[in-house]
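Spelled out, the chains give:
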Amino acid sequence: MLNILKRSSLAKVFADRGEPQGVDFGGASLLLGEAFSFQAAFASDAPALVEASLEGGGAAYCRTFWVQDAPAPYPANPDSDDYYIMEEPGWCPDILRSVRAPLRVEAGQWHSLWVALRVEEPVEGPLEVTVVLRDLTGGDEVRATYAFTVIPARLPEQRLLYTNWFHGDCLATHYNVPVFSEAHWELLRKYIACAAQHGVSLLLTPLFTLALDTAVGAERPTMQLVDVTRKGKDFTFGFDRLGRWVELCESCGIHRFELSHLYTQWGAKAAPKIVATVEDGTQARIFGWETDADSAEYTDFLTQFAAALVPWLEARGLKERCYVHVSDEPGADSLESYARKSELIHRIFPGIPVMDALSDIVFFNAGLLEQPVPANNHMDAFIGKVPELWTYYCCGQHREYVSNRFMAMPSQRNRVLGCQLWKFDCRGFLQWGFNFWSAVLSARAIDPFTEMSATETYPSGDAYVVYPGEDGGPLVSLRLKVFYEALQDQRALELLESKIGREAALAILEEGLEKPLTFNEYPHSEVWQLAARERVNRAIAAHCGA
């Protein structure tokens, strides 16, 4: 016999924990153009082959997915806080697979059907969606009906600049295709389109092989958009591949670009890996770990490179849509070294702002970069001190209740970020792992379906939010869907603010809270999260004619 329960997108349905946690979810309101998700949790008291279908007026606006478990071998760091839903290694619902065939389930195990709803045009009255689950072996059938109110106001365009670092080399390695072969370009298209569909609006662009997450002396697979030719001390540059990359991104809806880091991570001590055609016509690595970042040879190379790239960007109207990186996450002990590089980059890339992830405001106060990106557990030092506030999180943001999207965290901890970004008027957000399918420091490729923690270094889910599909396209995670809901919450609050003002919108968001919302102070509650969005939607509906 089948049993069905109605759950929101914030529930995580574990196979082996009995009846799923979460509120009974019968529907909600949504805005035009909004990607809205909900779930039907189900279990059978005997082995079953379950077929899913949808009925009702809303069925035509929906896509369905089976939620598949993934291993979480390293769910949390030892010093993590207590807002997690699992502390020991185990299996966690995460992968969304399109419903193309019935799902075989074992007796007593809980599973979930994920339903994604989007309505683009106004509809009259409540929009109903009925989930129908049938056991093809026993003939049992269960139904769950959800009712949605479509508010006749469109979710505004996303203002937030969001970058989730994209690792094209991992695509080539996993699918075993040559970098920049036609097969690789097709993979890039599918995954960049997926990133754009889930809010990515600023893409990390590998001018040269990414100087990120690589052990000293080791290399990542070469993925370099710029052709370099060296003759003596002179260099020439080709930008055909870079042009194709830009065109591809723009065709997917991404129009802003992060020019990849021009010095190595954690201190800017060396040059990135750069390959060139040398005088005998062969390809050779001309810079890398062995190249001192302050060397005259590398400085001269960068000067010649910038002199070629900047006019190319200007001619295509790209310069104003770019950021340039110096080095990722420099520490205070790297201040003098970073300052030297920053001075050079500002001089040779005039008018292109420098942006780097760093959490010590001394770098900004010293005038070394226009756009610092501090971690969300270091925001107090930056709020009100910088013209545009950005933030990021990665493996280090696991304490003090700050938002993150590890598999072991409740989905509400993922989604609350949108309200925080709106309240503090954040212009940008960065996260490092869209598809980093590698072991720590790029030691080797991993199987994304079995090595979720990069050899138990990163909390499971930190390094990627998509999985490789068998057809060359991505399988998305429920964490990616919930994160996009957070971005939509921010946009809904922006819409409400445009109608009633910021102070009144904030009062609606924080209604009933004992303490104001901060980056680590918020209700740990699915009920609060859903209710806050409903209050925002009701207020928008009340001002639809405004």
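As shown above, the structure is provided for reference.
Residues numbered from 1 in each chain as written. Predicted model: local features only at pLDDT ≥ 70, side-chain atom pairs only at ≥ 80, totals over all residues. Heavy atoms only, no water.

Caption draft 1: The arrangement of the sheet that holds strand S10 (residues 141-154) in detail. Reading across the sheet, the five strands line up as S2-S10-S9-S4-S7 and stay open at both edges, with mixed pairing between neighbours. Only two strands of the sheet have a single partner each, and these edge strands are strand S2 (27-32) and strand S7 (103-105). Across the sheet, the mean angle from the axis of one strand to that of its neighbour is 30 degrees, orientation sign disregarded. Note that strand S4 (residues 48-55) and S7 share three bridges and pair antiparallel. In the sheet register, Ala48 faces S7, and the bridge partner there is Val105. (Pairing = 2+ DSSP bridges. Helix = DSSP H or I, 4+ residues; strand = E, 2+ residues; numbered from the N terminus. Axes fitted to C-alpha atoms, helices over the stretch in contact; angles between N-to-C directions.)

Caption draft 2: Expanded view of the environment of Phe429. Within the fold, Phe429 resides in strand S22 (residues 426-431). Residue Phe429 is classed as buried on the basis of its relative accessible area of 0%. A sequence separation of 54 residues divides Phe429 from Ala375, and the C-alpha atoms of the two residues are 9.6 Å apart. With residues up to four places along the chain from it excluded, the contact list for Phe429 reads Leu160, Leu161, Tyr162, Thr163, Trp390, Thr391, Tyr392, Tyr393, Leu417 and Phe483. (Buried < 20%, exposed > 50% of the residue type's maximum accessible area, 1.4 Å probe, protein only. Contact = heavy atoms within 4.5 Å.)

Caption draft 3: Broad picture of the sheet that holds strand S18 (residues 322-324). Taken together, the three strands give an open sheet; going across it, the order is S12-S15-S18, and neighbouring strands pair in parallel fashion. Among the strands making up the open sheet, the edge pair consists of strand S12 (202-205) and S18. Each strand axis lies, on average, 25 degrees off the axis of its neighbour in the sheet, ignoring direction. Of the pairings in the sheet, the one linking S12 to strand S15 (residues 256-259) comprises four bridges and is parallel in character. Bridge pairing in S15 links Leu202 to Arg256. Along the sheet, helix H3 (residues 240-252) contacts S12 and S15; its crossing angle with S12, the most-contacted strand, is approximately 160 degrees.

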